[in-house]
Amino acid sequence: MYIAGKIRRTMENTDERFMREALLQAREALDGGEITIGAVVTCNGRIIGKGHNMTERLHDATAHAEMIAITSAMEAMGGKYLDQCTLYVTVEPCPMCAGALNWAQTGRIVYGAPDPRRGYSMFSPSLLHPRTKVSAGVLCEECSSLMKDFFSSKRNIQSSSDASPRG
């Protein structure tokens, strides 16, 4: 029992460490005026791909953090499968990203905040590969706060511009 508990704590520490890296990516998205989602892909304890939302910068609706991170990871791996890899992402992947993660046969997905309106988990059967393992809620509060703060500031900017006189 002691060993199982120690392994679980080590895994939790690893998940939190890499989720913090994903949060750094999300903050880069914020600096670029993008929706604050960040992702990293790891293999054998090291980051092999990372990304943050770039849909505005690239004028590309598919330029989600997960898509950029998995493309980078596949390049690093020299192949199209990520079955030995883990994706850490600050918000639950959308259906498009879940489909890409399925095709990549991603071994494990760890996400922070759920997305009850646009997340892949709204769909049944699952959009993920049958062998993909999922862990949810890692640093959920930090991931949620980043998103809430982003949209709150967007609403404040919008209402300020709506209130300004037009001439």
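Everything numeric here is computed off the predicted structure, so don't read it as measured data.

### Some words on the packing of helix α3 (residues 65–77) against helix α4 (residues 95–103)
- At a closest axis distance of 9 Å, the pairing of α3 and α4 adopts a crossing angle of 20°. Taken together, the axes of α3 and α4 lie roughly parallel to each other. α4 is crossed by α3, and the crossing has left-handed handedness. Across the interface between the two elements, Glu66, Met67 and Ile70 of α3 pack against Met96, Cys97, Ala100 and Leu101 of α4.

### Re unusual backbone geometry
- A cis amide bond links Ser124 to the next residue, Pro125, at an omega of 0°.
- Following the sequence through the fold, Pro125 ends up in the loop between β4 (108–113) and β5 (133–136).
- Unusually for a residue other than glycine, Asn44 sits at a positive phi of about 55°.
- Here Asn44 shows up in the loop between β1 (38–43) and β2 (46–52).

### So, the packing of aromatic side chains
- Per the stated rule, a full pass over the model turns up 2 aromatic pairs.
- Pairing Phe18 with Tyr88 gives two aromatic rings, centres 5.4 Å apart and planes at 40°, and the pair type is tilted. Of this pair, Phe18 sits in helix α1 (residues 2–31) while Tyr88 sits in strand β3 (residues 85–91), placing them 70 residues apart in sequence.
- Accessibility expressed as a relative area gives 2% for Tyr88, which makes it buried.
- For the pair Tyr111 and Tyr120, a centre-to-centre distance of 6.5 Å together with 85° between the ring planes defines the contact as edge-to-face.
- On the basis of relative accessibility, which here comes to 7%, the residue Tyr111 falls in the buried class.

About the criteria used
Residues numbered from 1 in each chain as written. Predicted model: local features only at pLDDT ≥ 70, side-chain atom pairs only at ≥ 80, totals over all residues. Heavy atoms only, no water. Axes fitted to C-alpha atoms, helices over the stretch in contact; angles between N-to-C directions. Helix = DSSP H or I, 4+ residues; strand = E, 2+ residues; numbered from the N terminus. Parallel < 35°, antiparallel > 145°, perpendicular 65-115°, else oblique. Left-handed = near helix turned anticlockwise from the far one by under 90°. Contact = heavy atoms within 4.5 Å. Phe/Tyr/Trp six-rings, centres within 6.5 Å; stacked < 30°, edge-to-face > 60°. Buried < 20%, exposed > 50% of the residue type's maximum accessible area, 1.4 Å probe, protein only.

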